[in-house]
Structures are given as C-alpha cells and as structure tokens.
Amino acid sequence: MKNPRIVIKAAAIGALVTLAAFASPGAGMPALDVALPSDEYSSDSTSQDWVVVQSDNICGLKKARQLSNPGKVDFQSLFDSTDEAKKMKRDGIDESSPEGSQLKAAAFESIRKASVTVMNDRSLCSVWKKISNKKGTAITDVTESVRALL
C-alpha cells in the first residue's frame, strides 16, 4: 500500500503546477513559458530580428537567435542551373517520378555542397533560400559564387 503522505504531497505539487500553468503573468505567479526556451521562429532581443523559416535553410546555423552573418541565394535560379535540372527539362522527366525525385535530390545536394564551400570561404554563419531582417540589415547574396561551383 502506498504511503498516504507521499500521495498527498504528489497531489499538492500537481495542483501547484496546474495553477502555475493557468495563471496569467499579471496574477502574481510567473507563467511557465517564461522558463521555456524561446521558439526559433520568434523574434527576441538575441535574434537581432532575423526573420527565417527553418525549411529555407540550406546550410549552417538554423535558429534565428544564433545568426550573426548569414548569406542568401536565389535558390530557383541555382536549381535551374544544375545539370540534373537541365536533364529533367531536356528529357521531359517529371520531378515526381522516381528518376525525377533522384535528380531533384542530387541537384539539392549539389547546391548544398557548393553553399557550404561559399559559406566557409566568406565566413558566413549560414546560407538561406529566404531570409530578412526587421532592422533592414543587408544580407550578402552569394548566388553567383555558389553557381560558379556547380
């Protein structure tokens, strides 16, 4: 049989956690989300107001709060420049077919590898398909440097 004192303590702790979870920040108890890590899509004072979506990351750092010197590329233009995309267009290969999926993945990998090289050469922290900054900070466009490596 369980010790009744332990059961009562556990119930009391559970009640306090529940109260804290539903208390509004102005009600005298801190909200639980204050202690949780911030979402990488949110803008906070340490993110320098970078506006990103993780799926637009090609290489390098992925979280907005970590960015310091990112670069960007015109991804569609780079994709169209790859040998794989040219083959798909020339041979009429549907990108949703098995061969098209393989060629598309190979094109993405070629762009990623070239982007990593440019990122390291230019001392960038990351390379993105789309990225902006609420403060208007200029973002280095490295499209032509990446294209030269494809």
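These numbers were taken from a predicted model, which means no experiment stands behind them.

Thoughts on the nonpolar core
Membership of the largest hydrophobic core comes to 16 residues, with the highest contact counts inside it found for Val73, Phe79, Val127, Val142 and Val146. Contributing elements (two or more residues each) for this core: β2 (57-60), α2 (75-81) and α4 (98-121). Looking at this core element by element, the count peaks at five residues for α4. Discounting residues that sit within four places of it in the chain, Val146 has contacts with Val73, Leu78, Ile111, Ala114, Ser115 and Val118.

Regarding the packing of aromatic side chains
Following the criterion strictly, the structure yields two aromatic pairs and no others. Site record: aromatic cluster; members linked through ring pairs are Phe75, Phe79 and Phe108. Sitting over the ring of Phe108, Lys129 keeps its end group 5.8 Å from the ring centre.

A word on the pattern of salt bridges
Scanning the entire structure with this criterion turns up five salt bridges. The residue Arg147 makes a salt bridge to Glu144 at a minimum N-O spacing of 3.1 Å. Here Arg147 and its partner Glu144 are both found in helix α5 (residues 143-149), three residues apart, which amounts to about one turn of the helix. Accessibility expressed as a relative area gives 53% for Glu144, which makes it exposed. Taken together, the salt bridges that share partners define one network made up of Lys87, Arg90 and Asp91.

Focus on the side chain of Glu84
Within the secondary structure layout, Glu84 lies in helix α3 (residues 83-91). Despite its burial, Glu84 pairs with no opposite charge, the nearest such side chain being Lys86 at 9.2 Å. Non-local contacts of Glu84, meaning those with residues more than four positions away in its chain, are made with Leu103, Ala106, Ala107 and Ser110.

Remarks on α3
Taken residue by residue, α3 has Glu84, Ala85 and Met88 as its buried positions. Seen from one end, α3 has its buried residues packed into an arc of 100 degrees, which puts them on one side. Away from the buried face of α3 by more than 90 degrees, exposed residues Asp83 and Arg90 are located. Close packing links the buried residues of α3 with α2 and α4. Positive backbone phi, at 65 degrees, marks Gly92, one or two positions downstream of α3.

So, the environment of Ser123
Inspection of the secondary structure puts Ser123 in the loop between α4 and β4 (126-128). As a C-alpha pair, Ser123 and Pro70 span 53 residues in sequence and 9.0 Å in three-dimensional space.

Here we look at the side chain of Asn57
Note on placement: Asn57 falls in strand β2. For Asn57, a relative accessible area of 12% puts it in the buried group. Beyond its immediate sequence surroundings of up to four residues, Asn57 is in contact with Lys62, Ser126, Val127 and Trp128.

Criteria and thresholds
- Residues numbered from 1 in each chain as written.
- Predicted model: local features only at pLDDT ≥ 70, side-chain atom pairs only at ≥ 80, totals over all residues.
- Heavy atoms only, no water.
- Core = buried A, V, L, I, M, F, W, Y, C linked by side-chain atoms within 4.5 Å.
- Buried < 20%, exposed > 50% of the residue type's maximum accessible area, 1.4 Å probe, protein only.
- Helix = DSSP H or I, 4+ residues; strand = E, 2+ residues; numbered from the N terminus.
- Contact = heavy atoms within 4.5 Å.
- Phe/Tyr/Trp six-rings, centres within 6.5 Å; stacked < 30°, edge-to-face > 60°.
- Lys NZ or Arg CZ within 6 Å of the ring centre and 35° of its normal.
- Salt bridge = Lys/Arg side-chain N within 4 Å of Asp/Glu carboxyl O.
- Lys, Arg positive; Asp, Glu negative; His and termini not counted.
- Arc of directions from axis to C-beta.

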